[in-house]
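Commentary on secondary and tertiary structure
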Amino acid sequence: MIRFENVTKRYRGTKRPALSGVDFEVQRGEFVFLVGASGSGKSSCLQLILREESPTSGRVAVLGRDLKSIANRKVPYFRRSIGSVFQDFRLLPSKTVYQNVAFTLQVTGASRGFIQQAVPEALALVGLSGKEKRLPHELSGGEQQRVAIARAIVNRPQIVLADEPTGNLDPGTSVDIMQLLARINAGGTTVLMATHEAAFVDQMQRRVIELRDGEMVRDEVGGGYGDTSNVPRLEPEAIRGAAATAALQTVREVHRETEAAIAEPVPAPAPAPEPQAPARPTVKPADEARPATHPITLPAIDVAELGVADRLGLDTGDDEEVGPVS
Ligand SMILES: Nc1ncnc2c1ncn2[C@@H]1O[C@H](COP(=O)(O)OP(=O)(O)OP(=O)(O)O)[C@@H](O)[C@H]1O
Ligand SMILES: [Mg+2]
């Protein structure tokens, strides 16, 4: 899906390369965190994937194509298969929520019928139904980022790139956004997310690629993921990280409680179901409309009673179904 082969990127007029000999491959359906200190090369990686920059040496292949082989005039078409989300949202300030999301489709020449169907679906998926007519400045930061995510996915891209999408948000809102991306990934979309948020990354137990001064120093693929009991918790040293960890814990607890509540009162007719069988989760209408390549197993929760984070269903139990981890 995304392959870096010995990629080095040296910007003009700089002494040290921004990326040096970077090698990795992301498979379809994976959720990958790209972490590292400021200046370690995270954004450079994402820019190479979007062909906003080209490698000085080495090869970047995306969706099976060597990006060098794509003619400049074809680059906009190539980018349609990639949705992008940024730290600063990048919404059009004078357009409404609906128009911001529809705009992506309009410039690609989508039919009016498709736009009328796809925009409400995308807004429903991010939990913004009913706010179509608002302008960006009439929304909270988290809501603005959700508009940006709706815009990124409305075209049903195969890949979503997110560059510090929670960088401007408070910890609780960041959890919402993280879980929204996890949910999008659960629908089959490959997600690559650059972030500083060590607490989130450790809690979410997805693949982690770490850069240090442009070099890849960690690629934790298949490194014991899936068994949450073995994953050590980060000591909440940074205030921001501690709050984020607490928020995520809370969300998980609510989620577990909700699942338990759903599982309980289902008196099955005889013969009884297998003792180990989990409660059958229901897919909510917003998901049915998306061409899911993987089953989305979310419990049926009364959405009115829960915040967005709670109904995004980040349950470690889902991870097996999400996609390949190699
Ligand atoms: N257009 C550019 N021209 C020159 N140098 C650049 C350019 N873009 C990035 N760099 C340099 O490349 C290195 C990697 O930058 P990059 O933006 O990829 O890091 P990052 O990990 O995304 O950092 P941050 O967490 O602060 O966003 C840095 O030393 C940066 O100064
Ligand atoms: Mg960056």
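Higher on the page you've got the structure.
Let me begin by describing the structure that accompanies this report.

Reading guide: rules and limits
- Residues numbered from 1 in each chain as written.
- Chains lettered and ligands numbered in written order.
- Predicted model: local features only at pLDDT ≥ 70, side-chain atom pairs only at ≥ 80, totals over all residues.
- Pairing = 2+ DSSP bridges.
- Helix = DSSP H or I, 4+ residues; strand = E, 2+ residues; numbered from the N terminus.
- Axes fitted to C-alpha atoms, helices over the stretch in contact; angles between N-to-C directions.
- Contact = placed C-beta atoms within 7 Å.
- Buried ≥ 20, exposed ≤ 12 C-beta atoms within 10 Å, placed from the backbone.

1. Some remarks on the sheet that holds strand 8 (residues 190–195)
One open sheet holds the six strands; their spatial order is 6-7-8-3-9-10, and the pairing between them is mixed. For this open sheet the edge positions go to strand 6 (82–86) and strand 10 (215–219), each flanked by a neighbour on one side alone. Neighbour-to-neighbour, the strand axes of the sheet open up by a mean angle of 20 degrees, direction not taken into account. Those strands touched by helix 1 (residues 42–49) are strand 3 (31–35), strand 7 (159–163), strand 8 and strand 9 (207–212), and its axis lies near 150 degrees from that of strand 7. Most of the contacts of helix 6 (residues 171–186) go to strand 8, to which it runs at about 155 degrees, and overall it touches strand 3, strand 7 and strand 8.

2. Quick notes on the pairing of strand 9
In this structure, strand 3 lies alongside strand 9, joined through four bridges in parallel fashion. Bridged to valine 32 within strand 9 is arginine 207. Relative to strand 10, strand 9 runs antiparallel, the two sharing four bridges. Bridging from a neighbouring strand, arginine 212 pairs with glutamate 215 of strand 10. Taken together, strand 9 and the strand that follows it, strand 10, pair antiparallel across an intervening segment of two residues, in which aspartate 213 is found at a positive phi of about 50 degrees.

3. Some details on unusual backbone geometry
Even without a glycine there, the phi angle at arginine 51 is positive, about 60 degrees. Along the chain, the position of arginine 51 falls in the loop between helix 1 and strand 4 (57–62). Taking the number of C-beta atoms within 10 Å as the measure of exposure, arginine 51 has 18 and is therefore partly exposed. The backbone phi angle of aspartate 213 is positive, close to 50 degrees, even though this residue is not glycine. For aspartate 213, the position within the fold is in the loop between strand 9 and strand 10.

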